[in-house]
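This is what each chain is made of:
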There are 2 protein chains.
Amino acid sequence: MTLPTHERIKLHALKLFAQKGYFGTSLNDVATMVGIKKPSLYAHYKNKDDLYQSILKELMDLFSKRVSLSSIQLEQLSTKELLYLFTNKIVDFWKDDTLGLLYKRTVLFPEEKFRTTIQEQFLQTEAYTTDILYSILEKGQQQGDIPKQPFEPLIHAYYCLIDGLFVQRFLYSSSDYDVKVKHAFEHFWKATEIGVEK
Amino acid sequence: MTLPTHERIKLHALKLFAQKGYFGTSLNDVATMVGIKKPSLYAHYKNKDDLYQSILKELMDLFSKRVSLSSIQLEQLSTKELLYLFTNKIVDFWKDDTLGLLYKRTVLFPEEKFRTTIQEQFLQTEAYTTDILYSILEKGQQQGDIPKQPFEPLIHAYYCLIDGLFVQRFLYSSSDYDVKVKHAFEHFWKATEIGVEK
DNA sequence: CCTACCGATCGGTAGG
DNA sequence: CCTACCGATCGGTAGG
């Protein structure tokens, strides 16, 4: 309640856009949740699109921030531990009931009007995670945790793992999701480290 | 044009529901595409929900039909070939621009009103594919193509592969999707057959 | 299969 | 931040 009105609008709109999508969310709903009337929204945002865009921007920024690894983690953990930690940071973001849901909607069903913008933001975010992934894998090869192998197929397979866990978060949203994450990750890792003497 | 009207309605509605979703599709749109006026639809379907439900039913039935393996295939192919064929049958269904799109919408964003129905139909379809999967894996173990191992983690990992490919179909809808499928599948298979002497 | 119409709701504006 | 209102569109019905 101490937040400025335009922040409260953004917060409630975020929740509604996540739950009901762009067209499913009416400005009347938003205003009601904030405790004001619909026309008053226009004092803070130019229109519905303006409000929506500002929320998408925040979503992608938050994702990048939440999945990044600290340099301490990068130095002290083994390759497998690092990769598992990284995987879980991404998975944890999707576990967020609001952010995860909005992320799913946005990435899988971009509104026609914002398609280009969303695509750009997504590719930027993906490039960011790919960088982290590369640094983990390169360090792993140097330390002998994983054998020498072409990175491209490996990264395809990893993204497939990540995307699979993304879907399963929503398909099987249950207490044993963590078990599924572990199983799928262990299977991925088994193939990754093949050839290394233990 | 030779099709009965209620079939033509269903066909155009399927396309529209896939592209624009339940709320994004108006009965006016449907009627216009069929070449009649909106109120005439009610001579063939009770209402919008009735039309939508009958389409969902058809979608799930088609999926089951398309992914099933023939007994000839089951007998003559190796375990790896069988699993790859099965994977590609599923992937091919998603490649269908209309059916794949509607499947994605329905499974990932079930309309609140039909949530229970959709959930049931999905679980039924999943049980069907799990049966096929089991029969492939069991035969593979008997023939020594894959080592003895608990099936549960393996099936989790496989579904994660499948769900990952499901997302990637829509994220990277491009000419090199087939390459990504191959990479991800090979990585999965590498971990699956570990321990077998070749 | 049609015309004519219903109440409800949408995003957005005027004017204060 | 409000009241009052706009044109457009929604699913659905009456009556033929």
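Under the annotation held in an unreviewed UniProt entry, chain A carries the name HTH tetR-type domain-containing protein and is attributed to Sutcliffiella rhizosphaerae.

Engineer: How should the packing of helix H7 (residues 115-142) of chain B against helix H8 (residues 151-171) of chain B be read in this particular structure?
Structural biologist: Packed helix pairs are specified by the crossing angle of their axes together with the interaxial distance, meaning the distance between the axes. Residues and elements named next belong to chain B. Viewed as axis vectors pointing N to C, H7 and H8 meet at an angle of 125°, and their least axial separation amounts to 11 Å. The angle between H7 and H8 falls in the class oblique. Relative to H8, H7 is oriented so that their crossing is right-handed. Contacts between H7 and H8 involve Glu126, Thr129, Thr130, Leu133, Tyr134, Leu137, Glu138 and Gln141 from the former and Phe151, Leu154, Ile155, Tyr158 and Tyr159 from the latter.

Engineer: Hey, could you run me through the interface of chain A and chain B in this one?
Structural biologist: Note: interface size is frequently given as the accessible area lost on complex formation between the parts. At the junction of the two partners, chain A supplies 32 residues and chain B supplies 32 residues. Carbon and sulfur atoms make up 70% of the surface buried where chain A meets chain B, a total of about 3100 Å² over both sides. For the pair chain A and chain B, the interface holds 14 residue pairs in polar contact (both at pLDDT 80 or more). Every element with two or more residues in the side of chain A that touches chain B is listed here: helix H6 (99-108), helix H7 (115-142), helix H8 (151-171) and helix H9 (177-192) of chain A. Looking at the side of chain A that touches chain B element by element, the count peaks at 14 residues for H8(A).

Engineer: Is there a simple way to explain the UniProt feature "DNA-binding region" (unreviewed entry) in chain A in this structure?
Structural biologist: Those places that UniProt annotates as "DNA-binding region" (unreviewed entry) correspond, in this numbering, to residues 26-45 of chain A. The annotated region residues 26-45 of chain A carries 40% helix and 0% strand content, and the separation between its end C-alpha atoms amounts to 14 Å.

Engineer: Whenever I open this one, the side chain of Thr125(A) confuses me. Can you help?
Structural biologist: Note that Thr125(A) resides in helix H7. Contacts of Thr125(A), omitting those with residues within four sequence positions, involve Met60(A), Phe63(A) and Ser64(A).

Engineer: Any chance you could explain the domain arrangement of chain A here in plain terms?
Structural biologist: Residue and element names in this part refer to chain A. As far as domains go, chain A holds domain 1 (1-45) and domain 2 (56-194). Relative placement of domain 1 and domain 2: their C-alpha centres are 31 Å apart. Contact residues are listed per partner, giving ten residues for domain 1 and nine residues for domain 2. Summed over both sides, the interface of domain 1 with domain 2 buries roughly 820 Å², with 64% coming from carbon and sulfur. It is Leu14, Ala18 and Tyr22 that lose the most area in domain 1 upon contact with domain 2, and together they represent 58% of the buried surface on that side. With a shortest N-O distance of 2.9 Å, Lys10 and Glu58 are connected by a salt bridge. Here domain 1 is connected to domain 2 by three residue pairs in polar contact (both at pLDDT 80 or more). Partitioned by chemical class, the residues of the side of domain 1 that touches domain 2 number five nonpolar, two polar and three charged.

Engineer: Sorry, what's going on with the protein's contact with DNA strand D here?
Structural biologist: Surveying the vicinity of DNA strand D reveals 16 residues, the closest of which are Thr5(A), Lys37(A), Ser40(A), Lys38(B) and Lys48(B). Among the atoms of DNA strand D lying within 4 Å of the protein, the sugar-phosphate backbone contributes 56%. Within the side chain of Thr5(A), an N or O atom sits 3.3 Å from a phosphate oxygen of DNA strand D. Backbone polar atom of Leu27(B) to a phosphate oxygen of DNA strand D: 3.0 Å apart, as the coordinates give it. Residues of the surface near DNA strand D, tallied by class, amount to six nonpolar, seven polar and three charged.

Engineer: What's the story with the environment of Asp92(B) in this structure? I'm lost.
Structural biologist: All names here are of chain B. Counting through the fold element by element, Asp92 comes out in helix H5 (residues 79-95). Note on Asp92: relative accessible area 43%, which makes it partly exposed. Sequence separation between Asp92 and Arg66 is 26 residues, and the spatial gap between their C-alpha atoms is 8.9 Å.

Engineer: Explanation requested: the relation of the copies chain A and chain B in the structure shown.
Structural biologist: Two copies of the chain are present, and they differ by a rotation about an axis and a shift along that axis. Under the fitted operation, chain A is carried onto chain B by 0.0 Å of movement along the axis and a turn of 180°, and the coordinates agree to an RMSD of 0.0 Å. In the structure described here, the two chain copies are related by an operation that fits a two-fold rotation axis. Using C-alpha coordinates, one finds that chain A approaches the rotation axis most closely at Gly164(A), a distance of 1.7 Å. The residues that chain A uses at the interface reappear at the interface of chain B in 100% of cases, marking a shared surface.

Engineer: Teacher, can you tell me more about the protein's contact with DNA strand C here?
Structural biologist: By nearness alone, 16 residues border DNA strand C, and Lys38(A), Lys48(A), Thr5(B), Lys37(B) and Ser40(B) come closest of all. Within 4 Å of the protein, atoms of DNA strand C come from sugar and phosphate in 56% of cases. Between a phosphate oxygen of DNA strand C and a main-chain N or O atom of Lys37(B), the distance comes to 2.7 Å. The side chain of His44(B) places a nitrogen or oxygen atom 3.2 Å from a phosphate oxygen of DNA strand C. Here the surface near DNA strand C is built from residues that sort into six nonpolar, seven polar and three charged.

Engineer: Which parts of the structure should I look at to understand helix H1 (residues 5-24) of chain B?
Structural biologist: Residues and elements named next belong to chain B. With 20 residues, H1 should cover 28 Å at 1.5 Å per step; its first-to-last C-alpha distance of 23 Å lies more than 12% under that length. At Ala18, H1 shows its largest bend, some 85°. Buried within H1 are the following residues: Arg8, Ile9, Lys10, His12, Ala13, Leu14, Leu16, Phe17, Ala18, Gly21 and Tyr22. Those residues of H1 that are buried lie in contact with helix H2 (27-34), helix H3 (48-67) and helix H6 (99-108).

Conventions used here
Residues numbered from 1 in each chain as written. Chains lettered and ligands numbered in written order. Predicted model: local features only at pLDDT ≥ 70, side-chain atom pairs only at ≥ 80, totals over all residues. Heavy atoms only, no water. Axes fitted to C-alpha atoms, helices over the stretch in contact; angles between N-to-C directions. Helix = DSSP H or I, 4+ residues; strand = E, 2+ residues; numbered from the N terminus. Parallel < 35°, antiparallel > 145°, perpendicular 65-115°, else oblique. Left-handed = near helix turned anticlockwise from the far one by under 90°. Contact = heavy atoms within 4.5 Å. Buried area = accessible area lost by both parts, 1.4 Å probe. Polar contact = N/O pair within 3.5 Å; in protein donor to acceptor, adjacent residues only side chain to side chain. UniProt positions renumbered as here; feature names shortened; annotations may be inferred. Domains from an automatic or database assignment. Salt bridge = Lys/Arg side-chain N within 4 Å of Asp/Glu carboxyl O. Nonpolar A, V, L, I, M, F, W, Y, C, P; charged D, E, K, R; others polar. Near = heavy atom within 4 Å. Buried < 20%, exposed > 50% of the residue type's maximum accessible area, 1.4 Å probe, protein only. Least-squares fit on C-alpha atoms with pLDDT ≥ 70 in both. Expected span 1.5 Å × (residues − 1). Bend = angle between axes of the 7 residues up to and from the residue.

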